[in-house]
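Fold and contact review
This is what each chain is made of:
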Amino acid sequence: KVDKMGLYLATYFEGGKKAGDPEVVLKPLTERGARDSKQWVLETAGARRADKDPVDERILQTVRTDGGHIIDSPKDVGGFPDIEPATRALDVPAEPGGDVDGDGYTDLEEWLHAMAAAVEGAE
């Protein structure tokens with residue numbers, strides 16, 4: 001049984017899920033034991049995994065050393081850091097809506113995925 005709001009949302013949005021549609025399958029989650037979790041978080045946490053800033057590093061070091069305290073003000077941690085902005089060239093594909101390699105993703109989508117992968121260190 002689908003309530004009125006669920007039916008409304010399913011029909012309002014193009015391609016919305018409706019009762020009887022196949023279930024959405026998500027990638028399986030990787031279970032981690034308590035012993036492995038802390039190390040995994042220390043390796044993968046941060047605003048940008050491939051380009052950790054001083055704030056990321058300070059927080060990670062605090063966790064590594066089991067230090068830390070409640071922070072009431074930026075002054076408690078030395079103030080706001082002076083960080084250079086991270087920039088990248090904006091070389092949008094010549095045909096953003098095209099699909100040069102015919103894989104079903106537009107050239108713009110592939111370009112955006114490549115930029116995200118570079119930031120995450122997955123180039």
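Nothing here was measured: the structure is a model prediction, and the numbers come from that model.

**As for the overall build of the protein chain**
Assigned secondary structure in the protein chain consists of 4 helices and 0 strands. Helices and strands appear in the protein chain in the N-to-C order α-α-α-α. Expressed as a percentage of its 123 residues, the buried residues of the protein chain come to 9%. If you take every contact in the protein chain between residues at least 6 apart in sequence, the share linking residues at least 24 apart comes to 28%. On the protein chain, roughly 10,600 Å² of surface is accessible, and the fraction owed to carbon and sulfur atoms is 56%.

**A look at the side chain of Asp107**
Inspection of the secondary structure puts Asp107 in helix H4 (residues 107-120). Taking the relative accessible area as the measure of exposure, Asp107 reaches 11% and is therefore buried. Contact partners of Asp107, with chain neighbours within four places excluded, come to Pro93, Glu95, Pro96, Gly98, Asp99 and Val100.

**Description of the pattern of salt bridges**
A complete count under the given rule lists 1 salt bridge for this structure. The shortest N-O distance in the salt bridge between Asp66 and Lys38 comes to 3.2 Å. Residue Asp66 is found in the loop between helix H3 (54-64) and H4, and its partner Lys38 is found in helix H2 (residues 34-44); the two are separated by 28 residues along the sequence. Its relative accessible area of 38% is what places Lys38 among the partly exposed residues.

**Considering the packing of H2 against H3**
Here H2 crosses H3 at 160°, and the two axes come no closer than 10 Å. Overall, the two elements H2 and H3 adopt an arrangement that is roughly antiparallel. Classified by chirality, the crossing of H3 by H2 is left-handed. For the pair H2 and H3, the contacting residues are Lys38, Val41 and Leu42 in the first and Leu60, Val63 and Arg64 in the second. Per-class residue counts for the contact of H2 with H3 are 4 nonpolar, no polar and 2 charged.

**Some words on the environment of Ala50**
For Ala50, the location among the structural elements is in the loop between H2 and H3. Along the primary structure Ala50 and Glu120 are separated by 70 residues, whereas in three dimensions their C-alpha atoms are 5.2 Å apart. Not counting chain neighbours up to four residues away, the residues in contact with Ala50 comprise Ala118, Val119, Glu120 and Gly121.

**Concerning the confidence of the model for the protein chain**
Residue-level pLDDT values for the protein chain average 79, and 80% of them are 70 or greater. Of all helices and strands in the protein chain, the one with the weakest mean pLDDT is helix H1 (residues 4-12) (48), whereas H3 scores best (89). The low-confidence segment residues 1-8, where pLDDT is below 50, has 2 contacts with residues more than four positions distant or belonging to other chains.

**What about a nonpolar patch on the surface?**
On the surface, Leu90, Val92, Leu108 and Leu112 cluster together into a nonpolar patch covering about 350 Å² of accessible area. Mapped onto the fold, Leu90 is located in the loop between H3 and H4.

**Considering the environment of Ile83**
Mapping Ile83 onto the fold places it in the loop between H3 and H4. Of the residues examined, Ile83 reaches a relative accessible area of 39% and is grouped as partly exposed. Placed 29 residues apart in sequence, Ile83 and Pro54 show a C-alpha to C-alpha distance of 8.0 Å. When sequence neighbours within four positions are dropped, the list of residues in contact with Ile83 reads Asp53 and Pro54.

Rules and cut-offs
- Residues numbered from 1 in each chain as written.
- Predicted model: local features only at pLDDT ≥ 70, side-chain atom pairs only at ≥ 80, totals over all residues.
- Heavy atoms only, no water.
- Helix = DSSP H or I, 4+ residues; strand = E, 2+ residues; numbered from the N terminus.
- Buried < 20%, exposed > 50% of the residue type's maximum accessible area, 1.4 Å probe, protein only.
- Contact = heavy atoms within 4.5 Å.
- Areas by Shrake-Rupley, 256 points an atom, 1.4 Å probe, with all protein chains shown as cover.
- Salt bridge = Lys/Arg side-chain N within 4 Å of Asp/Glu carboxyl O.
- Axes fitted to C-alpha atoms, helices over the stretch in contact; angles between N-to-C directions.
- Parallel < 35°, antiparallel > 145°, perpendicular 65-115°, else oblique.
- Left-handed = near helix turned anticlockwise from the far one by under 90°.
- Nonpolar A, V, L, I, M, F, W, Y, C, P; charged D, E, K, R; others polar.
- pLDDT = per-residue confidence, 0-100.
- Patch = residues over 30% accessible without salt bridge, like charges linked within 9 Å, V, L, I, M, F, W, Y side chains within 5 Å.

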